[in-house]
Amino acid sequence: EKKVAPTCTAQPCTIGIPNLLGVTHDCLGKTTGQSCTPNVTLGYEFVTGTAKNLVCDSLGSGSFVGTVSDVEPSRCPTPSFVTGAESSCSSGGDRMVGTTCWAFCIANYVPNVKQYECAVRGTTISLAAMTDALTCTATRRRLEDAGCNTSAADAANLTQRHLRHTCLGKSHTQKCVVECNVGYTISGGASVYTCTQGVLNSTSGLPTCTANPCNYSAPAGVGITSNCAGVATDSTCNATCGMGYEYANGSAPQTFTCGALGSFS
């Protein structure tokens, strides 16, 4: 009787599929020997290099072989505000896609503060007001006196990890804004502080900030278990080998930290 060769079906790869903020891919459904290409979405860019292919392991392990290039959010162009305005938007880190900053009117202008967001709008990225744009109206100039320094910021509790501010170096009567740091969500609006004889004061108090959970780059793989679900900015979690698995030579439990951009490291 003539023998018929067996029919073989390529095994799909389900391990190592990219789950990274700002990354899209065509890896779902790929089988042994096939490749896929992770790429960046609008608003993100590779830190170095370009897209690199991942290959579904030809040995049939069900894992993709290769690494995804590091990705970071794109940055919005430097903003321009009206005369009499300052902001927390001027430094590069504050202008990443997905983050917000605040613009406010300085001393000798009617108090006003507005939130701005760096975001993808259509086919471009831009920094724009989340409601109406900031306007500043001049008032009578006042005499300046003692300024506010690091000690004043410490005394006002502005140096906490979840906060950022523009208060250092302000002179008497000058104003500054206190907001939530990247990785935290503000409840309500930012707080405007006034430097008065070297002391920082605000009628609204510190803003309320809630840490954002990390949803990307959680530890994953064959036999790995972790307590990373729901872990938020600046908090940590542990990845270990689950029941039925043991640590390979030179391996050990690992601690991961939830970063400000929503990814574990």
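Residues numbered from 1 in each chain as written. Predicted model: local features only at pLDDT ≥ 70, side-chain atom pairs only at ≥ 80, totals over all residues. Heavy atoms only, no water.

Colleague: Report on the overall build of the chain, specifying residues and quantitative values.
Modeller: Per the secondary structure count, the chain includes 1 helix and 20 strands. Rg of the C-alpha trace for the chain: 25 Å, well past the compact-globule value of 18 Å for 265 residues, more than 25% over. Dimensions along the principal axes, computed over C-alpha positions, put the chain at roughly 105 × 40 × 30 Å. Counting over 265 residues, the chain shows a buried share of 35%. Of all intrachain contacts in the chain linking residues separated by at least 6 positions in sequence, the fraction that spans at least 24 positions is 45%. Counting only carbon and sulfur atoms, one obtains 50% of the accessible surface of the chain, whose full area is about 14,700 Å². If the 15 positive side-chain charges of the chain are averaged to one point and the 16 negative ones to another, these points end up 6 Å apart. (Helix = DSSP H or I, 4+ residues; strand = E, 2+ residues; numbered from the N terminus. Rg over C-alpha atoms; globule rule 2.2 N^0.38 Å. Buried < 20%, exposed > 50% of the residue type's maximum accessible area, 1.4 Å probe, protein only. Contact = heavy atoms within 4.5 Å. Areas by Shrake-Rupley, 256 points an atom, 1.4 Å probe, with all protein chains shown as cover. Lys, Arg positive; Asp, Glu negative; His and termini not counted. Charge placed at Lys NZ, Arg CZ, Asp CG, Glu CD.)

Colleague: Give me the side chain of serine 88: which residues, what numbers.
Modeller: Relative to the helices and strands, serine 88 is located in the loop between strand S8 (85–87) and strand S9 (100–105). For serine 88, the side chain forms a polar contact with the side chain of glutamate 179, separated by 2.2 Å. (Polar contact = N/O pair within 3.5 Å; in protein donor to acceptor, adjacent residues only side chain to side chain.)

Colleague: So what's going on with the packing of aromatic side chains? Residues and values would help.
Modeller: A full pass over the atoms with the stated rule returns 1 aromatic pair. Measuring from centroid to centroid gives 5.0 Å for phenylalanine 81 and tyrosine 116, while their planes differ by 85 degrees, and the two rings are edge-to-face. Linking phenylalanine 81 in the loop between strand S7 (71–73) and S8 with tyrosine 116 in strand S10 (residues 113–121), this pair joins segments that are 35 residues apart in sequence. Accessibility expressed as a relative area gives 23% for phenylalanine 81, which makes it partly exposed. (Phe/Tyr/Trp six-rings, centres within 6.5 Å; stacked < 30°, edge-to-face > 60°.)

Colleague: Residues and numbers for the pattern of salt bridges, please.
Modeller: Applying the stated rule across the entire model yields 4 salt bridges. Of the charged contacts in the structure, one is a salt bridge between aspartate 132 and lysine 114, with a shortest N-O distance of 3.1 Å. Remark: lysine 114 occurs in strand S10 and aspartate 132 occurs in the loop between strand S11 (124–129) and helix H1 (150–155); sequence separation between them is 18 residues. Residue class for lysine 114 comes out buried when judged on its relative accessible area of 17%. (Salt bridge = Lys/Arg side-chain N within 4 Å of Asp/Glu carboxyl O.)

Colleague: Describe the nonpolar core, and please don't skip the residues or the numbers.
Modeller: Soluble globular proteins tend to pack their nonpolar side chains together in the buried interior. Ranked by internal contacts, the top residues of the largest apolar core, which has 34 residues, are Tyr116, Leu127, Leu158, Cys167, Tyr193 and Leu200. Among the secondary structure elements, those contributing two or more residues to this core are S9, S10, S11, H1, strand S13 (175–180), strand S14 (184–187) and strand S15 (191–196). It is S9 that provides the largest number of residues to this core, a total of 5 residues. Not counting residues within four places of it along the chain, the set of residues in contact with cysteine 167 comprises Cys148, Leu158, Cys176, Val177, Val178, Tyr193 and Leu200. Counting residues in each nonpolar core, the second largest holds 8 residues, with Cys228, Cys237, Cys258 and Phe264 among its members. (Core = buried A, V, L, I, M, F, W, Y, C linked by side-chain atoms within 4.5 Å.)

Colleague: Could you give me a rundown of the pairing of S9, with the residues and numbers involved?
Modeller: In terms of burial, S9 is largely enclosed, as 5 of its 6 residues are buried. The pairing of S8 with S9 spans 3 bridges and is antiparallel. Looking at the pairing, serine 87 lines up with alanine 103 of S9. Across 5 bridges, S9 lies against S10 in antiparallel orientation. (Pairing = 2+ DSSP bridges.)

Colleague: Run through the sheet that holds strand S20 (residues 254–257), naming residues and quoting values.
Modeller: In a beta sheet, neighbouring strands are held together by backbone hydrogen bonds and run either parallel or antiparallel to one another. Taken together, 3 strands build an open sheet; the order of strands is S18-S19-S20 and the sheet is antiparallel. The open sheet is flanked by strand S18 (224–226) and S20, the only strands paired with a single partner. Between one strand axis and the next, the sheet turns through 30 degrees on average, direction left out of account. In this sheet, S20 lies alongside strand S19 (residues 236–241) in antiparallel orientation, the contact comprising 4 bridges. The partner of cysteine 237 across the bridge, within S20, is phenylalanine 256. (Axes fitted to C-alpha atoms, helices over the stretch in contact; angles between N-to-C directions.)

Colleague: Which residues make up the sheet that holds S9, and what values go with them?
Modeller: An order of S8-S9-S10-S11 is seen for the 4 strands of this open sheet, with the pairing classed as antiparallel. Either end of the sheet is taken by a strand with one partner, and the two such strands are S8 and S11. Strand-to-strand twist in this sheet, taken as the mean axis angle between neighbours without regard to direction, amounts to 25 degrees.

Colleague: Now, about the environment of threonine 78: what can you tell me, with residues and values included?
Modeller: Here threonine 78 is to be found in the loop between S7 and S8. Expressed as a C-alpha distance, the spacing of threonine 78 and cysteine 89, which sit 11 residues apart in the sequence, is 7.9 Å.

Geometric values such as these leave the question of function open.
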